[in-house]
Amino acid sequence: QAQLTESGGGLVQPGEWMRLSCTTSREIFSANAMGWYRQFPGKSRELVAVITSGYVPKYSDSVKGRFTIIRDDTKNTVYLDMNDLKPEDTAVYYCNAGQFAGLPSSRDYWGQGTQVTVSS
């Protein structure tokens, strides 16, 4: 059974920044693209950012220029650095490991989810 362990999240004020972390096993990390998705209430999960094992990143239009995804192969960890956070960024954020970057499948692995709330 695979594990993706997320950390970070919580309450932050608009304009501030936050880092999310996701750590997994070497076997899973090396074989998959790593990404972050978020889910708003009543909605399906949507892509935030993804990075391939070849270090090619992709961002959704809503976060491009503000968020940065970082893949650290030495630690089997992917980070999401979120800058200039806005209330509309409020969601549950999920780490993802999958064979096809940006295209979730039934074979993907998911983190437990972490709530990010941007509010005054």
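Above this note sits the structure.
Fair warning: this is a prediction, and the values are worked out from it, not measured in the lab.

Rules of the game
- Residues numbered from 1 in each chain as written.
- Predicted model: local features only at pLDDT ≥ 70, side-chain atom pairs only at ≥ 80, totals over all residues.
- Heavy atoms only, no water.
- Salt bridge = Lys/Arg side-chain N within 4 Å of Asp/Glu carboxyl O.
- Helix = DSSP H or I, 4+ residues; strand = E, 2+ residues; numbered from the N terminus.
- Buried < 20%, exposed > 50% of the residue type's maximum accessible area, 1.4 Å probe, protein only.
- 1 Å grid on protein atoms, 1.4 Å probe; cavity = no way out; pocket = protein on both sides within 12 Å on 5 of 7 lines; lining within 4 Å.
- Points joined across faces, edges and corners; volume = space filled by probe spheres on them.
- Nonpolar A, V, L, I, M, F, W, Y, C, P; charged D, E, K, R; others polar.

> What is the right way to look at the pattern of salt bridges in this model?
When charged atoms on two side chains of opposite charge get close, those side chains can pair. Applying the stated criterion across every chain, the model contains seven salt bridges. We note a salt bridge from R66 to D89, for which the minimum N-O separation is 2.8 Å. Separated by 23 residues along the polypeptide, R66 in the loop between β6 (57-59) and β7 (67-72) and D89 in the loop between β8 (77-82) and β9 (91-98) bring together distant segments of the chain. Taken as a pair, R66 and D89 share a single burial class, namely buried. Among the charged side chains, a salt-bridge network with shared partners connects R38, E46, R66 and D89.

> I'm lost on the layout of surface pockets in this one. Help?
Regions of empty space are outlined by a rolling probe, equal in size to a water molecule, passed over the atoms. Quantified by volume, the largest pocket comes out at close to 170 Å³. Considering the residues around the largest pocket, the lining is formed by E27, I28, A31, N32, A97, G98, Q99, F100, S105, R107, D108 and Y109. Those elements that provide at least two residues to the lining of the largest pocket are α1 (26-31) and β9. Of the residues in the lining of the largest pocket, the class split is five nonpolar, four polar and three charged.

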